[in-house]
Amino acid sequence: LARMDAASFAVDPFGSAQGITSPQPPAVAETRRGFFALGDHGTLFKLSPDERTFFRLDATPPTPDTRDTSAWRFLSGSGEWLLAATDRRVAVRHADAPRWNTLPTALKPRSPELDPIRIFAACPDAEGGFWIGSDAGLGFIHAETGTSQFRERAGSVVVPGGLGIPIAAG
């Protein structure tokens, strides 16, 4: 993890001496409450006010799911909220909260053939909501209320004026 000054092109690295104890932080995010880095085991770090060091917010990653062994790969900030995601699950927390809240059913497709899903992207909407792109469809999570919506991808596509037969998605 490093910061680059765009005017001078000077690179300022962040490692264990600056508080980042994770050898390869997979993601960073910014909220109204500050700048954060997600450690490779789900540990969350916050940039100090002097912007020279990070401090560890907690030692507990989001609650593990024994069916999902994938690493925490995504971190996104929206308003005052953070969302972390693995390949199959998501967790949210207020930037000042002491721990994560997992959302096990937030991205649950109705079609059994699409479950379990695989998450490919997480994007904020700046007001406390997050868009989640997956192989099963598109989800939206509003962190403050815990509400979610999920739109499954189409199983097949019919081309108007075409041969009139369904074409497999993809």
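These remarks concern the structure in this document. As the structure is a computational prediction, the values presented were derived from the model and not from experiment. (Residues numbered from 1 in each chain as written. Predicted model: local features only at pLDDT ≥ 70, side-chain atom pairs only at ≥ 80, totals over all residues. Heavy atoms only, no water.)

Examining the side chain of Ser134
Structurally, Ser134 can be placed in strand 12 (residues 129-134). Given a relative accessible area of 13%, Ser134 falls into the buried group. Among the polar contacts made by the side chain of Ser134, one reaches the main-chain amide nitrogen of Ala136 at a distance of 3.2 Å. Apart from residues no more than four positions distant in its own chain, Ser134 is found in contact with Ile117, Arg118, Ile119, Phe120 and Phe150. (Helix = DSSP H or I, 4+ residues; strand = E, 2+ residues; numbered from the N terminus. Buried < 20%, exposed > 50% of the residue type's maximum accessible area, 1.4 Å probe, protein only. Polar contact = N/O pair within 3.5 Å; in protein donor to acceptor, adjacent residues only side chain to side chain. Contact = heavy atoms within 4.5 Å.)

Some thoughts on the nonpolar core
Ranked by internal contacts, the top residues of the largest apolar core, which has 17 residues, are Leu83, Val90, Leu107, Ile119 and Ile132. Looking at this core element by element, the count peaks at 3 residues for strand 8 (residues 81-85). The residues contacting Ile119, other than those within four sequence positions of it, are Arg73, Phe74, Ala85, Thr86, Asp87, Arg88, Arg89, Val90, Leu107, Ile132, Gly133 and Ser134. Counting 12 residues, the second largest nonpolar core, distinct from the first, contains Phe36, Leu44, Ala84 and Ala91. (Core = buried A, V, L, I, M, F, W, Y, C linked by side-chain atoms within 4.5 Å.)

With respect to the pattern of salt bridges
Under the criterion given, the structure shown has 5 salt bridges. In this structure, the salt-bridge partner of Arg33 is Asp96, at a minimum N-O distance of 3.0 Å. Remark: Asp96 occurs in the loop between strand 9 (90-94) and strand 10 (101-102) and Arg33 occurs in the loop between strand 3 (27-31) and strand 4 (34-38); sequence separation between them is 63 residues. According to the relative accessible area criterion, Arg33 is partly exposed, its value standing at 36%. Between Asp87 and Arg73 there is a salt bridge, with the nearest N and O atoms lying 2.8 Å from each other. Of this pair, Asp87 sits in the loop between strand 8 and strand 9 while Arg73 sits in the loop between strand 6 (54-58) and strand 7 (74-78); the two residues are 14 residues apart in sequence, bridging distant segments of the chain. Note on Arg73: relative accessible area 36%, which makes it partly exposed. Within this structure, Arg3, Asp12 and Glu51 form a network of salt bridges that share partners. (Salt bridge = Lys/Arg side-chain N within 4 Å of Asp/Glu carboxyl O.)

Examining a nonpolar patch on the surface
Together, Met4, Phe9 and Val11 make up a nonpolar patch on the protein surface, roughly 350 Å² of accessible area in all. Its place among the elements puts Phe9 in the loop between strand 1 (2-4) and strand 2 (11-13). Exposure remark for Phe9: the relative accessible area of 59% places this residue in the exposed category. (Patch = residues over 30% accessible without salt bridge, like charges linked within 9 Å, V, L, I, M, F, W, Y side chains within 5 Å. Areas by Shrake-Rupley, 256 points an atom, 1.4 Å probe, with all protein chains shown as cover.)

Description of the sheet that holds strand 3
Judged by pairing direction, the sheet is antiparallel, and its 4 strands sit side by side in the order 3-4-5-6 without closing on themselves. Both edges of this open sheet fall to strand 3 and strand 6, since each of them pairs with a single strand only. Going from strand to strand, the sheet's axes swing by 30° on average, the running direction of each strand aside. Bridge count for strand 5 (residues 44-47) against strand 6 is 4 bridges, and the pairing is antiparallel. The partner of Leu44 across the bridge, within strand 6, is Asp58. (Pairing = 2+ DSSP bridges. Axes fitted to C-alpha atoms, helices over the stretch in contact; angles between N-to-C directions.)

Notes on the packing of aromatic side chains
A complete count under the given rule lists 3 aromatic pairs for this structure. Arranged with centres 5.1 Å apart and planes meeting at 90°, the rings of Phe14 and Phe54 form a pair that is edge-to-face. Taken together, the residues span a long stretch of sequence, with Phe14 in the loop between strand 2 and strand 3 and Phe54 in strand 6 at a distance of 40 residues. No difference in accessibility class separates Phe14 from Phe54, as the two residues are buried. Taking 6.4 Å as the distance between ring centres and 55° as the angle between the ring planes, the aromatic pair formed by Phe35 and Phe54 counts as tilted. Of this pair, Phe35 sits in strand 4 while Phe54 sits in strand 6, and the two are 19 residues apart along the sequence. (Phe/Tyr/Trp six-rings, centres within 6.5 Å; stacked < 30°, edge-to-face > 60°.)

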